[in-house]
Amino acid sequence: MSASPDTLAKPSPAPPPAELDGSALRIVPVRRTGQWAAAVAVLVLLALAVNSVVRNDAFQWGVVGDYFATTAVLRGLGLTLWLTALVMALGFVLGTLLAIMRLSDNPVLRSVSWGYVWLFRSTPILVQLLFWFNIGALYPQILGVKTVNLLSPVAVAVIGLTLHEAAYAAEVVRGGILSVERGQIEAAQSLGLGRWRRLHRIVLPQAMRSIVPPAGNMLIGTLKGTSIVSIIAVQDLLYSVQLVYHRTYQVVPLLLVATLWYVAVTSLLSVGQYYLERHYGRGTR
């Protein structure tokens, strides 16, 4: 008599091999001995460097504290900040115009813009400042106006730095405009928007994502670059501390005063750049 299929015992599944049993596996973390050793070495060297700077009497930190917030230093700092803001504003206005000319269909406008950028990026800023400072020797009269002693050192600094920064700002703006997708411009054209309205309402707001990071770097570079105007006796931050240490012969602590102010202002500008980048980068992540 044959057994019923229901009464047949079902075979039990074979136990998994020991090497496939997850409970038997041992997870070994990756050892990064070299990275941790390098990190410890860097921290030790950094601590030694900071200790040597803080405890070195040659830095004269007491003198640094005495002159850090003096009237002469703060006046020079104010001129540096004013010069930086004015040069960046004028430089980007002129640079935007040059960028639009460079992207124009008119070959004359394109050539003039390219020539301007080529010339001012090819010559050092110090040479440009010295040329403007000696403009009276090159052109004693312009349109019947005597140019000798016509421009003050501050005016020379504004003109020279603005024309120099405009050449770099033009390339920054041009790169930002070229980063906007062509479809956005074609969509604006299909809506019947004029050229300037497309630029103002469609292109530039999107181009700011690409313009802000290099523009922030230019701003910080301009802040530090204004120190070069001390060569033409503009009493910026560096020139102000130079006047003090020429009288007191305390060169190192006065240079530290200028350095600390540059570091402080640059740090604040970096924070502002971070939030500005986050504002224009909304929706891109």
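As recorded in an unreviewed UniProt entry, the protein goes by the name Amino acid ABC transporter permease, listed as coming from Streptomyces beijiangensis. Of the protein, the UniProt comment under Sequence similarities (unreviewed entry) reads exactly: "Belongs to the binding-protein-dependent transport system permease family." One UniProt comment on the protein, placed under Subcellular location (unreviewed entry), says "Cell membrane".

Peer 1: Quick question: what am I supposed to make of the packing of helix α5 (residues 125-133) against helix α7 (residues 153-178) here?
Peer 2: Each pair of packed helices gets described by two things: the angle between the helix axes and the distance between those axes. Interhelical geometry of α5 versus α7 gives an angle of 135° and a closest axis separation of 9 Å. Between α5 and α7, the angle falls in the class oblique. Crossing of α5 over α7 shows right-handed handedness. Judged by residue contacts, I125, Q128, L129, W132 and F133 of α5 engage P153, V156, A157, I159, G160, L161, L163 and H164 from α7. Taken together, the residues of the contact of α5 with α7 sort by class into 10 nonpolar, three polar and no charged.

Peer 1: Could you clarify how one ought to interpret the nonpolar core in this entry?
Peer 2: Looking at soluble globular proteins, one finds that nonpolar side chains tend to be buried together. Within the largest apolar cluster, 17 residues are counted, with the highest numbers of intra-cluster contacts made by V73, L237, V241, L254, V257, W261 and Y262. Contributing elements (two or more residues each) for this core: α2 (61-67), α3 (71-102), α10 (237-248) and α11 (251-280). Among the elements that line this core, the one with the most residues is α11, at seven residues. Residues in contact with V241, not counting those within four places in the same chain, are V73, L254, V257 and A258. Within the second largest apolar cluster, 16 residues are counted, among which are V172, V173, V180 and I185.

Thresholds applied
- Residues numbered from 1 in each chain as written.
- Predicted model: local features only at pLDDT ≥ 70, side-chain atom pairs only at ≥ 80, totals over all residues.
- Heavy atoms only, no water.
- UniProt positions renumbered as here; feature names shortened; annotations may be inferred.
- Axes fitted to C-alpha atoms, helices over the stretch in contact; angles between N-to-C directions.
- Helix = DSSP H or I, 4+ residues; strand = E, 2+ residues; numbered from the N terminus.
- Parallel < 35°, antiparallel > 145°, perpendicular 65-115°, else oblique.
- Left-handed = near helix turned anticlockwise from the far one by under 90°.
- Contact = heavy atoms within 4.5 Å.
- Nonpolar A, V, L, I, M, F, W, Y, C, P; charged D, E, K, R; others polar.
- Core = buried A, V, L, I, M, F, W, Y, C linked by side-chain atoms within 4.5 Å.
- Buried < 20%, exposed > 50% of the residue type's maximum accessible area, 1.4 Å probe, protein only.

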